[in-house]
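# Examining the three-dimensional arrangement
Spelled out, the chains give:
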Amino acid sequence: MATALPSRRRRRFNIAAILWRRRLVFWLGAVAVGYVAVGFALAADWAQATFGRVTAISPYLALILTPAGIALSAFVGQRYFAGAQGSGIPQAMAARFIQDRPSLERLLSLRIAFGKIALTVLGLLVGASIGREGPTVQIGASMLVWLSYRTGMGRQKGLILAGGAAGVAAAFNTPLAGVVFAIEEMSRSFERSISSLVLIAVILAGIAAVSINGTGSYFGLTAAILDGWKDWYVVPVAAVVGGATGGLFSRIVLWAARKMPTLFGGFCRRRPLLFAAFCGLGVAMLGIVSHGSSYGTGYGAAKAALDGHLDHPWMFTATKFIATLLSQISGIPGGILSPSLSIGAGLGAALSHLMPGVSSGAVAVLTMVGFFTGAVQAPITGFVIVAEMTGDQAMIIPLMATALVATGISKLITPEPLYHALAEDFRKRLERERQLKLDLHPPVETATV
């Protein structure tokens, strides 16, 4: 009996040591996600600034740089970083329902994370209308899943959720939005068993981001308000217009993802690089027409819209909408979150001219959340992100109402939520490929005696 007690203590000590080692690895991983997200943001800002300096020499240089750069990004992505294309959020969502490691690593891996960063920066360097926030979700999930396999932590589903939430929190500098995004969009439910993982990852990634970026909101403090009940008619207008436009955007993206490869006699599938170059040429032409405002993430234009200083808002909204669609269907890595916010802000700046007496900033904030939630059909995430990015607490109730109505309007146009539909397509395609591989190479049964 005397020897049994020390043995039990040793086992308990060993188990505790293993648990604490895994926790330490997870904490360090979450901090690493935060720092990578900040580095990614700085690289993205540098890329956009560099492209702006080049096109300042002559805007027509984009007619060469943008098609060539987008075609190069598409080629490198297909050749060396398969799985890095597109936003990255659908891949992270689909990965939560994949059991076997080879299939999972086709969606989440350090190779894909590296390619996602490099090719998204390349896209911004040549003027593509893409964002970095969606890619940061895939990057964060990839990093934590890689750590899980290297250290034997397990709980891949929870780590994918935590990595994605940490990515959103660090990318937008919005910790609350990271938690809400994980619950509403990536899991569609509150999972008590992994809630602590999400919270810890968001806190640590947020601390890492704040240590470099500070605590300010992304667009600064926006003081836009609705002046009493007489201005509340703006809410249904912004919700209907923003939700319908966002729903149309989502429907076109889904249609292109599913139907585009078979159009024009299969040209898009047979000549993907040439098709990507054509998309890049369209992006360049739109950039020239919009005097450069349709390039990149669109955050500068969104900030101008919130401040009431956006020039030619109808032109910006139309060109940014089409440029973002072309960038998405070209097959290069890049997200739609920040372009969606900028399109929504531009739409509000345009509508404000039809609403005299109402703060143009208030209209822009409302249409921003209207378009965003219309595009992704995640109302809680939408209003939380916009509220945190603008620091406009006075608009919380109008933002909630706009997000709710905009989601309903969007569902009339696009019954399938964009990210969930794309995630299901990823999952089904991987399952078909896995089954085909099993059919061609069935496992060898060993005889037992």
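Up top is the structure these notes are about.
These notes cover the structure that comes with them.

One can find valine 168 in helix H7 (residues 156-172). The exposure class assigned to valine 168 is buried, which follows from its relative accessible area of 1%. Along the chain, valine 168 and glutamine 138 lie 30 residues apart, while their C-alpha atoms are 9.9 Å from each other. Setting aside residues up to four positions removed in sequence, valine 168 forms contacts with Val137, Asn173, Thr174, Ala177, Gly178 and Phe181.

Here we take up the nonpolar core. Membership of the largest hydrophobic core comes to 73 residues, with the highest contact counts inside it found for Leu107, Leu108, Ile160, Phe172, Phe249, Leu341 and Leu399. The element best represented in this core is helix H16 (residues 360-376), accounting for eleven residues. Not counting chain neighbours up to four residues away, the residues in contact with leucine 107 comprise Gln91, Ala94, Ala95, Ile98, Ile112, Gln138, Ser142, Phe426 and Leu430. Listed in part, the 51 residues of the second largest apolar core include Ala44, Ile139, Cys279 and Ala323.

Let's shift gears to the packing of helix H2 (residues 62-80) against helix H12 (residues 272-289). Packing of H2 against H12 brings their axes to within 7 Å, and their N-to-C directions diverge by 145°. In the packing of H2 onto H12, the handedness of the crossing is right-handed. On H12, the residues that touch Ala62, Leu63, Thr66, Pro67, Ile70, Ala71, Ala74, Phe75 and Gln78 of H2 are Pro272, Leu273, Ala276, Ala277, Gly280, Leu281, Val283, Ala284, Met285 and Ile288. Split into classes, the residues belonging to the contact of H2 with H12 amount to 16 nonpolar, three polar and no charged.

Take the packing of helix H13 (residues 299-306) against helix H15 (residues 337-352) next. Taken N-terminus to C-terminus, the directions of H13 and H15 make an angle of 30°; their axes are 8 Å apart at the nearest point. By crossing handedness, the relation of H13 to H15 is classed as left-handed. Where H13 abuts H15, its residues Tyr299, Ala302 and Ala305 lie against Ser338, Leu341, Ser342, Ala345, Gly346 and Ala349. For the contact of H13 with H15, the per-class residue count stands at six nonpolar, three polar and no charged.

A complete count under the given rule lists five aromatic pairs for this structure. Plain terms: the ring middles of phenylalanine 81 and phenylalanine 114 are 6.1 Å apart, the flat faces sit at 50° to each other, and that makes the pair tilted. Here phenylalanine 81, found in the loop between H2 and helix H3 (89-95), pairs with phenylalanine 114, found in helix H5 (residues 110-125); they are 33 residues apart in sequence, far enough to count as distant. One aromatic cluster is present, built from ring pairs that chain together Phe249, Phe321 and Phe371.

Of note, histidine 291 is a non-glycine position whose phi angle comes to about 60°, a positive value. Among the structural elements, histidine 291 can be located in the loop between H12 and H13. Phi is positive for histidine 312, close to 50°, though the residue is something other than glycine. Among the structural elements, histidine 312 can be located in the loop between H13 and helix H14 (313-329). With a relative accessible area of 58%, histidine 312 lands in the exposed category.

Applying the stated criterion across every chain yields a total of five salt bridges. Arginine 132 is paired through a salt bridge with glutamate 133; the nearest N and O atoms lie 3.9 Å apart. Looking at glutamate 133, the relative accessible area reads 0%, which means it is buried. In this structure, glutamate 416 and arginine 258 form a salt bridge, with 2.8 Å as the shortest nitrogen-oxygen distance. One end of the pair, glutamate 416, is in the loop between helix H18 (396-413) and helix H19 (418-440); the other, arginine 258, is in helix H10 (residues 234-259), and 158 residues separate them in sequence.

Scoring rules and cut-offs
Residues numbered from 1 in each chain as written. Predicted model: local features only at pLDDT ≥ 70, side-chain atom pairs only at ≥ 80, totals over all residues. Heavy atoms only, no water. Helix = DSSP H or I, 4+ residues; strand = E, 2+ residues; numbered from the N terminus. Buried < 20%, exposed > 50% of the residue type's maximum accessible area, 1.4 Å probe, protein only. Contact = heavy atoms within 4.5 Å. Core = buried A, V, L, I, M, F, W, Y, C linked by side-chain atoms within 4.5 Å. Axes fitted to C-alpha atoms, helices over the stretch in contact; angles between N-to-C directions. Left-handed = near helix turned anticlockwise from the far one by under 90°. Nonpolar A, V, L, I, M, F, W, Y, C, P; charged D, E, K, R; others polar. Phe/Tyr/Trp six-rings, centres within 6.5 Å; stacked < 30°, edge-to-face > 60°. Salt bridge = Lys/Arg side-chain N within 4 Å of Asp/Glu carboxyl O.

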